[in-house]
Amino acid sequence: MRQAGLLLMIVAFVFASPVLIPVAMVLHTRDQRRMEAAAGKARCKHCGAILGTASLRRADAAWAAHVAALRHDRPGIRFRLVRRLWAICVTCDAEYGYDAALGVFPRIREPRASRPTV
Ligand SMILES: [Zn+2]
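Owing to the predicted nature of the structure, the values given are computational and were not obtained by experimental measurement.

## Some points on the packing of aromatic side chains
Summed over all chains, the structure comprises one aromatic pair. Centroid distance Tyr 98 to Phe 105: 4.8 Å. Interplanar angle 40°. Geometry classified as tilted. Accessibility assignment for this pair places Tyr 98 and Phe 105 in one class, buried. Here the guanidinium or amino end of Arg 83 rests over the ring plane of Trp 86, the centre of that ring lying 3.9 Å away.

## A short note on the coordination of the zinc ion
Taken together, the protein ligands of the zinc ion are Cys 44 (SG), Cys 47 (SG), Cys 89 (SG) and Cys 92 (SG), with distances of 2.2 to 2.3 Å. Binding-site remark: the zinc ion is held by donors from one chain whose sequence spacing is C-x2-C-x41-C-x2-C. You can see Cys 44 sitting in the loop between helix 1 (2-41) and helix 2 (52-73) and its partner Cys 89 sitting in the loop between strand 1 (87-88) and strand 2 (95-96), a full 45 residues away along the chain. Of the two residues, Cys 44 and Cys 89, neither departs from the other in class, the shared state being buried.

## As for the confidence of the model for the chain
On average, residues of the chain score 92 in pLDDT, and 95% of them are at 70 or above. Mean pLDDT across the elements of the chain bottoms out in helix 1 (92) and peaks in strand 1 (97).

## Looking at unusual backbone geometry
The backbone of Asp 93 shows a phi angle near 70°, a positive value even though the residue is not glycine. The residue Asp 93 is located in the loop between strand 1 and strand 2 in this model.

## Some details on helix 2
Taking 1.5 Å of rise per residue, 22 residues should cover 32 Å, and helix 2 covers 32 Å from first to last C-alpha, within 8% of that figure. Taken as a whole, helix 2 has its buried residues at Gly 52, Ser 55, Leu 56, Ala 59, Trp 63, Val 67 and Leu 70. Down the axis of helix 2, the buried side of the element spans an arc of 110°, and every buried residue falls inside it. More than 90 degrees from the buried face of helix 2, the exposed residues found are Arg 71 and His 72.

## Digging into the nonpolar core
Residues Cys 44, Leu 51, Cys 89, Tyr 96 and Phe 105 are the most contacted members of the largest nonpolar core, which totals 14 residues. No other element matches helix 1, which puts three residues into this core. When near neighbours in sequence (up to four residues on either side) are disregarded, Cys 89 contacts Cys 44, Cys 47, Ala 49, Leu 51, Ser 55, Arg 58, Ala 94 and Tyr 96.

Basis of the calculations
- For every chain, the first residue of the written sequence is number 1, and numbering continues from 1 onward in sequence order.
- Totals for whole chains, interfaces and linings use every residue, but because this is a predicted model, local features are given only for residues with pLDDT of at least 70 and side-chain atom pairs only at 80 or more, for both listing and counting.
- Each side-chain value is derived from all of the structure's non-hydrogen atoms; neither hydrogens nor water enter the calculation.
- Stacked, edge-to-face and tilted are the three classes for Phe, Tyr and Trp ring pairs, Trp counted by its six-membered ring, which pair at centre distances within 6.5 Å; planes under 30 degrees apart are stacked, over 60 edge-to-face, the rest tilted.
- Burial classes: relative accessible area under 20% of the type maximum marks a residue as buried, over 50% as exposed, and values in between as partly exposed (1.4 Å probe, protein chains only).
- Criterion for a charge above a ring: Arg CZ or Lys NZ at most 6 Å from the ring centre, at most 35 degrees from the ring normal.
- In this listing, donors mean N, O and S atoms no farther than 2.8 Å from the metal, or 3.2 Å for Na, K and Ca; water is missing from the atoms, so a site can look incomplete.
- Only runs of H or I of at least four residues qualify as helices and only runs of E of at least two qualify as strands under DSSP, and these elements are numbered from the N terminus.
- pLDDT expresses, on a scale from 0 to 100, how confident the predictor is about each individual residue.
- By definition here, a helix of n residues has an expected span of 1.5 Å times n minus one.
- Arc definition: directions from the helix axis to the C-beta atoms.
- In these notes, a set of buried Ala, Val, Leu, Ile, Met, Phe, Trp, Tyr and Cys residues joined through side-chain atoms within 4.5 Å is what counts as a nonpolar core.
- The contact rule is simple, with two residues in contact once any of their heavy atoms fall within 4.5 Å.

What follows is the structure, given as structure tokens:
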């Protein structure tokens, strides 16, 4: 009986996937564009610079490095991670999360160290 249910779920997924996968791709693209638009308007609470897409890319790279380090340090472990870091200010390194419902970037960490003034 349990195998019949699993088989039914697999068949349903195979038939629904031509619809579900494009819908998921469209929703992901829409969410990404909304975040980029919000980043284009958001200002860093520390230095006042516009966050912009560059700050999103910096956070993507930092998150990828964080996950790679976790996997390297603990091979064979399956992680369940919740991403909190979505933007890093390119001017002062302040870190921001993202509230998708409100379209805002709450600060989660001050800059690690102040840069020397030239
Ligand atoms: Zn800043």
